[in-house]
Amino acid sequence: MAAYLVADIDVTNPAQFEEYKKLAPAAIAKYGGRYLIRGGAYEAIQGDWKPQRLTMVEFDSMEKAKAFYHSPESQVAIKARKGAANMKMLLVQGI
C-alpha cells in the first residue's frame, strides 16, 4: 500500500537550502520515492493552513518511506538542511 511523505518547509536560508535540494532527490529515488509536489504555487481553498513550501513524495509502502527517512543518505541531507529550513513532516498511509 502506498505511503506519502508530506512536508511543510519554511526556508530560512535559501542559499544553504540549495545544498539540501541537491542531496534529497537522490536519497528519495534510491528508496523508490517519487516527487508528486515540490514547491510550486498553491491556493488554500478551506481553512487557514498556509504552508511555506509544500512537498509530497510517494513511496510504495510505509516501510520504504521509513527506510528512506532513516537512511544514511537522508541523514546527510538532513544535516545539510540544518539551519537552512524548519520542516514539519509526516508520513501518511495511502489507500
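Keep in mind that what you see is a predicted model, and the values were worked out from it rather than measured.

Enquirer: Help me understand the sheet that holds strand E2 (residues 34-38) in this model?
Expert: The strands making up a sheet associate through hydrogen bonds between their backbones, and the pairing can be parallel or antiparallel. Pairing is antiparallel in the open sheet, where four strands are placed in the order E2-E3-E1-E4. Of all the strands in the sheet, the pair left with one neighbour each is E2 and strand E4 (85-93). Between one strand axis and the next, the sheet turns by 20° as a mean value, whatever way the strands run. Of the strand pairs in this sheet, E2 and strand E3 (residues 54-59) are connected by four bridges, and their pairing is antiparallel. Note that in E3 the partner of Tyr35 across the bridge is Val57. Running at roughly 150° to E2, helix H1 (residues 14-30) makes contact with strand E1 (3-11), E2, E3 and E4 of the sheet.

Enquirer: Quick question: what am I supposed to make of the packing of H1 against helix H3 (residues 72-81) here?
Expert: A pair of packed helices can be characterised by two numbers: the angle between their axes and the separation between those axes. Here H1 crosses H3 at 165°, and the two axes come no closer than 8 Å. Relative to H3, H1 is oriented roughly antiparallel. Crossing handedness for the pair H1 and H3: left-handed. Residue-level contacts link Gln16, Phe17, Glu19, Tyr20, Leu23, Ala24, Ala27 and Lys30 of H1 to Glu73, Ser74, Val76, Ala77, Ile78, Ala80 and Arg81 of H3. Residue composition of the contact of H1 with H3, by class: nine nonpolar, two polar and four charged.

Enquirer: I keep staring at the nonpolar core and nothing clicks. Help me out?
Expert: The nonpolar side chains of a soluble globular protein tend to be buried with one another. One finds Leu5, Phe17, Phe59 and Phe68 to be the most contacted residues of the largest nonpolar core, which totals 18 residues. When residues of this core are traced back to their parent elements, those giving at least two are E1, H1, E3 and helix H2 (62-70). Among the elements that line this core, the one with the most residues is H1, at five residues. Those residues in contact with Leu5 that lie beyond four places of it in its chain are Thr55, Met56, Val57, Phe59, Phe68, Met89, Leu90 and Leu91.

Enquirer: Explain the side chain of Arg81 here, please?
Expert: Along the chain, Arg81 falls in helix H3. Summary of buried charges: Arg81 has no salt-bridge partner, and the nearest side chain of opposite charge, Asp10, is 11 Å away.

The rules behind each value
- Residues numbered from 1 in each chain as written.
- Predicted model: local features only at pLDDT ≥ 70, side-chain atom pairs only at ≥ 80, totals over all residues.
- Heavy atoms only, no water.
- Pairing = 2+ DSSP bridges.
- Helix = DSSP H or I, 4+ residues; strand = E, 2+ residues; numbered from the N terminus.
- Axes fitted to C-alpha atoms, helices over the stretch in contact; angles between N-to-C directions.
- Contact = heavy atoms within 4.5 Å.
- Parallel < 35°, antiparallel > 145°, perpendicular 65-115°, else oblique.
- Left-handed = near helix turned anticlockwise from the far one by under 90°.
- Nonpolar A, V, L, I, M, F, W, Y, C, P; charged D, E, K, R; others polar.
- Core = buried A, V, L, I, M, F, W, Y, C linked by side-chain atoms within 4.5 Å.
- Buried < 20%, exposed > 50% of the residue type's maximum accessible area, 1.4 Å probe, protein only.
- Lys, Arg positive; Asp, Glu negative; His and termini not counted.
- Salt bridge = Lys/Arg side-chain N within 4 Å of Asp/Glu carboxyl O.

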